[in-house]
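Here are the chains, one letter per residue:
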Amino acid sequence: MHQENLTSEFIPYVLRSHQGPSRRLTSARESGAKSAPEGTPGTRGGLRVLGWDLDTDSDISDIAGLPQESLTDSFRHLTQQGPLSEPIVERLIQSIQEFFNGDLQSELEKLTFLRSLCSLSRALPYDETIGAFIHSHIEDIVHILNMLVEEELPHSLFSPVHQEVFVTIADLSYQDVHLLLGSEDRADFFSLLTKSIITLPPVKTLTQLEEIVPSGSYNTESLYRQTLQAFSEMLQSLVVKDPHLENLDTIFKQMDPWLQSTKDHERERAAVSMAEVLKCSSRHLSLKLPLQFQRLGRLVALMALLCGDPVKEVAEEAAEGTHYLLHITLRLKYVTHDKKNHPSLRRAMKKCQELLELYSIKQFYSCPFRIAQVFEVFLNSNELCQFVMTILDGLKNLKHPCTQKSAGELLITLVENAESRFEKVPEIMGVICAQLSIISQPRVRQQIINTVSLFISRPKYTDIVISHLLCHPVPYDRHLAELWRTLDVKLPSTTWILWRLLRKLQKCHNAPTHEKMAYMAVAATDALYEVFVGNRLRAATFRLFPQLLMTLLIQIHHSIGLTMSDVTIPSGLYTEQEMSSQVTPLCFAIQATKTLLLRTLCWQEFNIMEKNKGWTLLEGKDGHLQGISLLANALLERNHLFANKIMYLLVPLLNRGNDKHKLTSAGFFVELLQSPMARRLPSIYSIARLKDWLHHGNNVFKTLALKGLHYLTRHQEMREGIKSLLPCILDLLCETDEKIVLLAIQILLQLVETMDFTTLTAMMKTLFSLFGDVRPDVHRFSMTLFGASIKSVKYTDKKGIENQVLDSLVPLLLYSQDENDAVAEESRQVLTICAQFLKWKLPQEVYCKDPWYIRCGKVGKVCKFFGKKCKGKVNLVAQTLMFSKNAKIPIRRAAVLFVGLLLKYVDHSELRMKGTDWIEKDLRDLLCDPEPSLRIIASQALFQVREVGTEQDPRQTVCGLRKLMGCLST
């Protein structure tokens, strides 16, 4: 459409009805959008405290500092236009339709189109034809306006078209014709409009622009300010009639990214616009359900952050906007609150009243954390989460450290006051952990860590926070390590937190040992290490020392021989480059255990472990229980209090968990039975439990049971209870496991004096069978116990074991020649006991330590003694020959030498009656022995035997002589 097509009647009307954006917008602000004079309620001046009553709808407006103005229509003057004549309406519609079909080339054409549209919009209440036309062409109008804005963007500062678009949209909005709401295209148009105004260059560049591009007939600076104001008025027009706050929500979505812009002038424009919208909305508030504003928490947080903005103008505008937002919030909460929860709202409003009596608007931007205190009482759990997440986003602002500072203060203030009303705590923790790496200010870092401390110290969130913090790669990076080390928790909560962290690890120990280790176990162990290093939970560490130590020792046992490939790692937690081959579950468990000892002042125990290679033992599959024993004994020696606490802790835990769990617990518990405090344990928790282990299929448990019983026998009052286990212990003497046999002997040595005769004789038979055992210690201590058994026999029962004692003489005598000096010495000692029992006095040659083949003369005396004493009692030759087949050369040699010399002192007639073939046979076999000395001695012994065999009976010789003498006499 061209200018010449307009009639002389139509042109003056259009121009007359549009006095220019500047004049119209100024009158609008004077009418209702202008800030109230300083000192009135709702301004930046002093705050007035009024009485209020929650039983009436005027309660909220009576709160100190909130706007008290009536809900008048500030924009009524814009719509006070009478109906248009039918010809004018037709010509306006016709001209607009022609614009739809043509191109708008000149500035005048564009302005004419926009003002024609405004004229129609004002007459819309009076003419149904206008309403039908506009509503049927909304998409066309949006399309043309969109093109106009795009065309004007390069030179919008030098043309009024841009601001006229805002005015047109505002006029239509007053008539409930919304060009920016309702569809995706309109939302895109709204976004374009917002961007077009927010991204305008700052005022400082106007002078430079005027020098480069002539501004024509318009004052550039004036046009610039009018355009900004027109945009603000357009936004306000959307919320004048917004009972559900749906339009406010849409505006905020558009302004959200600009309120966080890194450019000061963009952030300032967004803050000014949002403040004006909030002010307008609060003055024209008439809420109805259902309310559509779902982002209150985020809006409050963004405005709070802006209140701490380094740009003073931004902070002041945000503070005023926040003040009006409080009014909106109060009205919103009053409308939506549950009537059954009326006392809760009353308390919240009372707290708000008290805070507002203390704070002015200036304090909102001088101390932004006050906003968190005031708003917190009204925000629900979802809105609190929005607030926190938005504040955490503010931590990304690296350009303005003061924004990070404000974010830290707001966050800690809100979490302190909101207590346990949060949702989505894992998401909050995730953002905090991600943001720690970009926060460089020590104070802000500590505030963020203190926020985590507040969450973790509240029982409702403790497990949630711990679980999330444990879902990070180990070893923890320096940021997460710092978080664990610097947790700032009040003393009453420290034990609870450490206990819950410990429980995470303990639960992993209930899994079957053949399954992969849970990643949670490794992460919890590393977390405990970091907590110990930080030493912030020191009191709780001392209090939970027994549980901590045992759990870590069990974790060490589970970790032996594992790599991180043996751990069930959550998918996506590591990349291939992040996983180090040097990182193992065992290294985390060892370092945590070491740090625990050092932090609980167990320095001497730590030193004992170091000196005796205790840590190496703990890390080894075969030496783990030995390392456990070493540490337990170190604690028992140096720290009775801790040792006794651990003993009582272990009593109910010994049968819990898998085998590794039980073994580590049992190994530690058994060592603690040496303590005098063990006497106080009821039998069911000590002797009865050890009895169960004696029947366990795992020999390690049998060993631990015997070790524990051995310790308990040192307590006289507990021996009586242990005596009932004697049959079981005696059976263990036949075990193939050397440790089991030796421990059984040690226990029996303690109880031998209390045994009845039947048990004693049965035990002596078993012990006799162990003489010559290939296990030197078993051989030695079986003889020791045998000697002790002889000593403990009562006088009346001595006859009953005499044969057993006699049968033991030759073995003991021969084993005195054993190559093992300890076995040889013990043999001589027990031989002495046997002699005393038999009331014999052994010749001194028995105690000679030199080998018999060196001193044959002395051996002859020994043979003579035993030949004489044992005559008719023991078949010494037969018994000795049995040892000629012994595996040990010294024993075989002694046996052969003893047989050869013994033949001189035995009854030859009896020997000839039985024959010597059986003796010769055994000795001839020895002539092929690989040992030369044995062959020589065997040949000599064989000669002795043959001499005895060929020697005539003395009685036959006498008879022959008599016959010979008789012959001679005749």
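Look up a bit, the structure's there.
This is a predicted model, so every value here is computed, not measured. (Residues numbered from 1 in each chain as written. Predicted model: local features only at pLDDT ≥ 70, side-chain atom pairs only at ≥ 80, totals over all residues. Heavy atoms only, no water.)

Draft legend 1. Spatial organisation of the pattern of salt bridges. As enumerated under the stated definition, the model contains 31 salt bridges in all. The partner of K110 in a salt bridge is E151, and the shortest N-O contact between them spans 3.4 Å. You can see K110 sitting in helix α4 (residues 107–123) and its partner E151 sitting in helix α6 (residues 138–152), a full 41 residues away along the chain. A network of salt bridges, in which partner residues are shared, links D249, K253, D256, R295, R298 and D393. (Salt bridge = Lys/Arg side-chain N within 4 Å of Asp/Glu carboxyl O. Helix = DSSP H or I, 4+ residues; strand = E, 2+ residues; numbered from the N terminus.)

Draft legend 2. Local environment of the packing of helix α25 (residues 519–534) against helix α27 (residues 545–559). Orientation of α25 relative to α27, taken along the N-to-C sense of each, is 135 degrees, at an axis distance of 11 Å. Here α27 runs oblique to α25, going by the angle between their axes. Pair α25 / α27 crosses with left-handed handedness. Contact with α25, carried on its side by A521, V522, T525, L528 and F532, involves L548, L552 and Q555 of α27 and no other residues of that element. (Axes fitted to C-alpha atoms, helices over the stretch in contact; angles between N-to-C directions. Parallel < 35°, antiparallel > 145°, perpendicular 65-115°, else oblique. Left-handed = near helix turned anticlockwise from the far one by under 90°. Contact = heavy atoms within 4.5 Å.)

Draft legend 3. The environment of Q353, seen in detail. Structurally, the position occupied by Q353 is in helix α15 (residues 342–358). In the structure, Q353 is positioned 21 residues away from V374 in sequence and 8.9 Å away in space, judged by C-alpha atoms.

Draft legend 4. Up close: a nonpolar patch on the surface. Taken together, the side chains of L598, L601 and W603 make up a nonpolar region of the molecular surface, amounting to roughly 310 Å² of accessible area. For L598, the position within the fold is in helix α28 (residues 585–599). In this structure L598 comes out as partly exposed when scored by relative accessible area, which is 37%. (Patch = residues over 30% accessible without salt bridge, like charges linked within 9 Å, V, L, I, M, F, W, Y side chains within 5 Å. Areas by Shrake-Rupley, 256 points an atom, 1.4 Å probe, with all protein chains shown as cover. Buried < 20%, exposed > 50% of the residue type's maximum accessible area, 1.4 Å probe, protein only.)

Draft legend 5. Representation of helix α35 (residues 699–712) within the structure. The terminal C-alpha atoms of α35 lie 20 Å apart, and with 14 residues this matches the ideal 20 Å at 1.5 Å per residue to within 8%. Taking burial as the measure, the 14 residues of α35 include 11 buried ones, the bulk of the element. If you check which residues of α35 are buried, you get F701, K702, T703, L704, A705, L706, G708, L709, H710, Y711 and L712. Two to three positions downstream of the cap, the backbone nitrogen of V700 sits 2.9 Å from a side-chain oxygen, assigning the N-cap of α35 to N698. (Expected span 1.5 Å × (residues − 1). Polar contact = N/O pair within 3.5 Å; in protein donor to acceptor, adjacent residues only side chain to side chain.)

Draft legend 6. A look at the nonpolar core. By size, the foremost hydrophobic cluster in this structure holds 305 residues, and its most contacted members are F113, F422, F668 and F866. Setting aside residues no more than four positions away along its own chain, F668 makes contact with L549, M550, L553, I628, L631, A632, L635, I646 and L650. (Core = buried A, V, L, I, M, F, W, Y, C linked by side-chain atoms within 4.5 Å.)

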